[in-house]
Amino acid sequence: MTPHALITGGQQGIGLGIALALAGAGFRLTLAAEQPEDAATVQDALTRLPVGTRYLRHDLTRIEEAAALLDAAGEITTLVSNAGVPAMVRGDLLEMAAESFDRCMAVNLRGTFFLAQEAARRMLRRRTPTYRSLIFVTSVSATMASPERTEYCISKAGAAMMVQNFALRLAPEGIGVYELRPGIIATPMTAGVRDKYTARIEGGLVPAARWGEPSDIGQTVIPLATGQMPFATGATIPVDGGLSIPRL
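Reading the values: the criteria
- Residues numbered from 1 in each chain as written.
- Predicted model: local features only at pLDDT ≥ 70, side-chain atom pairs only at ≥ 80, totals over all residues.
- Heavy atoms only, no water.
- 1 Å grid on protein atoms, 1.4 Å probe; cavity = no way out; pocket = protein on both sides within 12 Å on 5 of 7 lines; lining within 4 Å.
- Points joined across faces, edges and corners; volume = space filled by probe spheres on them.
- Helix = DSSP H or I, 4+ residues; strand = E, 2+ residues; numbered from the N terminus.
- Nonpolar A, V, L, I, M, F, W, Y, C, P; charged D, E, K, R; others polar.
- Pairing = 2+ DSSP bridges.
- Axes fitted to C-alpha atoms, helices over the stretch in contact; angles between N-to-C directions.
- Phe/Tyr/Trp six-rings, centres within 6.5 Å; stacked < 30°, edge-to-face > 60°.
- Buried < 20%, exposed > 50% of the residue type's maximum accessible area, 1.4 Å probe, protein only.
- Disulfide = S-S within 2.5 Å.
- Parallel < 35°, antiparallel > 145°, perpendicular 65-115°, else oblique.
- Left-handed = near helix turned anticlockwise from the far one by under 90°.
- Contact = heavy atoms within 4.5 Å.

Outline empty space enclosed by the protein, supporting the account with residue identities and numerical values.
Evaluated as defined, the whole model comprises two cavities of 30 Å³ or more. Approximately 90 Å³ is the volume attributed to the largest cavity. In this structure, the largest cavity is lined by Leu 70, Gly 74, Glu 75, Ile 76, Thr 77, Ala 119, Arg 122, Met 123, Arg 126, Thr 128 and Arg 132. Per-element accounting of the lining of the largest cavity gives the leading share, three residues, to helix H4 (residues 98-125). Classifying every residue of the lining of the largest cavity gives four nonpolar, three polar and four charged. Computed from the structure, the second largest cavity encloses a volume of approximately 50 Å³. Along its surface, the second largest cavity is lined by Ser 81, Ala 83, Asn 108, Thr 112, Phe 136, Val 137, Thr 138, Lys 156, Ala 159 and Met 162. Only H4, strand S5 (132-137) and helix H5 (150-170) provide two or more residues apiece to the lining of the second largest cavity. At three residues, H5 tops the list of elements feeding residues into the lining of the second largest cavity. In the lining of the second largest cavity, the residues fall into five nonpolar, four polar and one charged.

Which residues make up the sheet that holds strand S7 (residues 236-239), and what values do they have?
The seven strands are arranged S3-S2-S1-S4-S5-S6-S7 in an open sheet whose pairing can be described as parallel. At either end of the open sheet lies a strand with only one pairing partner, and these are strand S3 (54-57) and S7. Averaged over neighbouring strand pairs, the angle between their axes works out to 20° when direction is ignored. Sheet analysis places strand S1 (residues 4-8) next to strand S4 (residues 78-81), joined by three bridges and oriented parallel. Counterpart to Ala 5 in the pairing with S4 is Thr 78.

If you had to explain the packing of aromatic side chains to someone new, which residues and values would you point to?
Taken as a whole, this structure holds three aromatic pairs when the rule is applied. With a centroid separation of 4.9 Å and 90° between ring planes, the pair formed by Phe 113 and Phe 114 is classed as edge-to-face. With a centroid separation of 5.8 Å and 25° between ring planes, the pair formed by Phe 136 and Phe 166 is classed as stacked. Of this pair, Phe 136 sits in strand S5 while Phe 166 sits in helix H5, placing them 30 residues apart in sequence. Of the residues examined, Phe 136 reaches a relative accessible area of 2% and is grouped as buried. In this structure Phe 166 comes out as buried when scored by relative accessible area, which is 9%.

Describe the state of the cysteines, with residues and values.
Counted by the stated rule, this structure contains zero disulfides. For the unlinked cysteine Cys 104, the closest cysteine sulfur is that of Cys 153, found at 9.2 Å. Of the residues examined, Cys 104 reaches a relative accessible area of 0% and is grouped as buried. Exposure remark for Cys 153: the relative accessible area of 9% places this residue in the buried category.

If you had to explain the packing of helix H3 (residues 66-73) against H4 to someone new, which residues and values would you point to?
Contact geometry for H3 and H4: axes closest at 9 Å, N-to-C directions at 50°. Here H4 runs oblique to H3, going by the angle between their axes. Relative to H4, H3 is oriented so that their crossing is right-handed. Across the interface between the two elements, Ala 66, Ala 67, Leu 69, Leu 70 and Asp 71 from H3 touch Phe 114, Leu 115, Glu 118, Ala 119 and Arg 122 from H4.

Given below as C-alpha cells:
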C-alpha cells in the first residue's frame, strides 16, 4: 500500500514544507485547509506538488465535519496535524480579548483533537502493514512563555499534553504518535515580525544563528512517518536550532 498522508494547513508554510518532503519520500498526499481551492496559495502549492495531490476545504473548528473530511480523503496512513492560528493581536495579556483566546483553543486544541480522534479510530478499524502515525506540529511556545501571545502558548501547551495521551493510547496498536516543536520559522505567520526576530537572531537568540525554514520541519517528519523510529513513539522533537535549550 502506498503511504497516504493527510496534512492540515498543508498549502503553505510549515505544512507545505512537510508536504514537499513527504512527496519526495513517495507518499500520496491530501491537503486540507479552510481556504477555497482557487486561492492563490492553494493553487501555488498544488503546482509544486505531484500530480494527483488532492485539496479538501475544511474548517477545523467544525468538529462535526471531521468524519466527512476523512471520508473524502480516503484511507490515510499518516495524519500531519499542522494547521494552527496565532493570537489575533500581540499585546498585553491583561488586555487579551476572549475572542482571540477562544479562536486559538478552537483551532489549535479542540479542532486538532477531534480530527485526530476520528483519524485514530479509522486507523484501528482498518489494519494495514503500512506504518501508521499521527504527527502533531506544536511549537516551542508549548513551554516557552510569550506574554504578548499568551492564548497561543496555552493552546500549544494543551496540545503537547494531548499528544502524550494519544501516544499512550495508541502505542499498543503500533501507531506512532509524535510531537514536533518548531522554533522561529520563516512562514506567512511570522512575516509580520520578520525584522524583530532577525535582529534577535543576529543577537544570539537562536544558537544555529539563522531562521528556520519549512524544509527543516519537513526533513524531520520523514523518519517518523516512514516508521524508522517506531520505538520513539511519544517523543517530543524540538526543531528550533537550539532555541529552547536552557542556558546561562
